[in-house]
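Letter by letter, the chains look like this.
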Amino acid sequence: MKLTYLGHSAVMIEEGQFKGIIDPFITGNPLAQISADDLSGITHIFVTHGHGDHIGDTVDIAKKTGALIIANHEISAYLDKFKLRTPAMHIGGRTKFDFGRVKMTNALHGSGISENGNMIYGGNPCGFVIEINGKKIYHAGDTGLTLDMKLLENENIDVAFLPIGGNFTMDLDDAVTAADFIKAKNVVPIHYNTFDLIKADPDEYKNKVKTSETVILNINESINI
Ligand code: NI
Ligand code: MN
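A few points on the structure.

Thresholds applied
All residue numbers here refer to positions counted from 1 along the written sequence of the relevant chain. By the order in which they are written, chains take letters starting at A while ligands take numbers starting at 1. Only residues with pLDDT of at least 70 are given local features in this predicted model, and only at 80 or more are side-chain atom pairs given and counted; all residues enter the totals for whole chains, interfaces and linings. Side-chain numbers here rest on the full set of heavy atoms in the structure, without hydrogens or water. Paired strands, as defined in this entry, are two strands with at least two bridges between them according to DSSP. Elements are defined by DSSP. Helices are runs of H or I of four residues or more, strands are runs of E of two residues or more, and each kind is numbered from the N terminus. Here the coordinating atoms are restricted to nitrogen, oxygen and sulfur within 2.8 Å of the metal centre, or 3.2 Å for Na, K and Ca, and because water is not among them the sites may look incomplete. In this scheme the shape depends on donor count and angles: four donors with every angle between 85 and 135 degrees give tetrahedral, four or six donors with opposite pairs above 155 degrees and others between 65 and 115 give square planar or octahedral in turn, and any other case is irregular. For the exposure calls, accessible area comes from a 1.4 Å probe over protein chains only, and a residue counts as buried if that area is under 20% of its type's maximum, exposed if over 50%, partly exposed in between. Note on contacts: a residue pair is in contact if any heavy atoms of the two residues lie within 4.5 Å. Any pair of N or O atoms that falls within 3.5 Å is considered a polar contact. Within protein, one atom must be able to donate a hydrogen and the other to accept it, and sequence-neighbouring residues count only if both atoms are side-chain atoms. Comment: arc refers to directions from the helix axis out to C-beta atoms.

## Overview of the sheet that holds strand β12 (residues 135-139)
In sheet architecture, strand pairing relies on hydrogen bonds along the backbone and comes in two forms, parallel and antiparallel. The strand order across the open sheet built from seven strands is β7-β8-β11-β12-β13-β14-β15, with neighbouring strands paired in mixed fashion. Both outer strands of the open sheet, β7 (94-96) and β15 (213-214), are each paired with one neighbouring strand and no more. The sheet contact formed by β7 and strand β8 (residues 101-106) spans three bridges and is antiparallel. If you follow Thr95 over to β8, its bridge partner there is Val102.

Structure, rendered in structure tokens:
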């Protein structure tokens, strides 16, 4: 399985015919190394919450590729107007798909969808535990530190993607505690340095995490697990 960091919170997962992308914020990301048009063959899109830096290019990519969008009920209902394929899930649910299983976990954050100066209700934000061919990935979405992350230790996560940038999410030190709670084999810091408000040093994070192997991915860099 190949995992590629596309910047901010965007992660691509490739395994056989499956090509999933989580929080595809490419257009508007000042650090993006590709354009959304470069993405082809996407089969699934995971959306953790309604904020623009996470929904991102979801609608355009789904229109182009026909990708199935996995999101909470409120975001799925919002996306209905674009005539996209959006089966709804919600927090705590674990659902079997053709590629594997997905559990929607809670996140401490907001999920409003900004559209033409209005804020549309986007339900509760989430994270995802995505299980494919015996490998498990956790993507925390945007979240503050929560004790609930201790429950994720039971999932035996192979790779956890955790926000470290602070201000809107956990900062670096809280994300160290999160890594200690989750005890994934590997943690990958995300959601930092895209904007001035979320500056963080991934090397400092790596030095502080003692409970997992920290893998710092440059934008467009991949790991194979
Ligand atoms: Ni957010
Ligand atoms: Mn965000």
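## A closer look at the coordination of the nickel ion (ligand 1)
Protein coordination at the nickel ion (ligand 1) comes from His49 (NE2), His51 (ND1), His109 (NE2) and Asp142 (OD), with a distance range of 2.2 to 2.3 Å. In this structure, the nickel ion (ligand 1) is coordinated by four donor atoms arranged in irregular fashion, with angles at the metal of 88 to 175°. In the primary sequence, the donor residues of the nickel ion (ligand 1) line up as H-x1-H-x57-H-x32-D. The distance between the nickel ion (ligand 1) and the manganese ion (ligand 2) comes to 3.2 Å, with Asp142 serving as a donor to both metals. One end of the pair, His51, is in the loop between β4 (44-46) and α1 (52-55); the other, Asp142, is in the loop between β12 and β13 (159-163), and 91 residues separate them in sequence.

## With respect to the coordination of the manganese ion (ligand 2)
All of the protein donors around the manganese ion (ligand 2) are Asp53 (OD), His54 (NE2), Asp142 (OD) and His191 (NE2); their distances to the metal are 2.2 to 2.3 Å. Judged by its relative accessible area of 1%, His191 is buried.

## Section: helix α4 (residues 172-182)
Every buried residue of α4 is listed here: Leu172, Ala175, Val176, Ala178, Ala179, Phe181 and Ile182. The inward-facing, buried residues of α4 abut β12, β13, β14 (186-190) and α5 (202-208). By the N-cap criterion, in which a side-chain oxygen at the helix start approaches the backbone nitrogen of a residue two or three places on, α4 is capped by Asp171, the distance to Asp173 being 3.3 Å. Taken from the residues just after α4, Lys183 is the one with a positive phi, measuring 50°.

## Details of helix α2 (residues 58-65)
Those residues of α2 that sit buried are Thr58, Val59, Ile61 and Ala62. Angularly, the buried residues of α2 cover 165° about the axis, an arc narrow enough to put them on a single face. Structural note: α2 exposes Asp60 and Lys63 on the side pointing more than 90 degrees away from its buried face. Count one or two residues on from α2 and you reach Gly66, which has phi positive near 75°.

## Focus on the environment of Val102
Position of Val102 among the secondary structure elements: in strand β8. For the pair Val102 and Lys136, spaced 34 residues apart in sequence, the C-alpha separation works out to 9.5 Å. When neighbours within four sequence positions are excluded, Val102 is seen to be in contact with Phe46, Met89, Gly93, Arg94, Thr95, Phe97, Phe128 and Val129.

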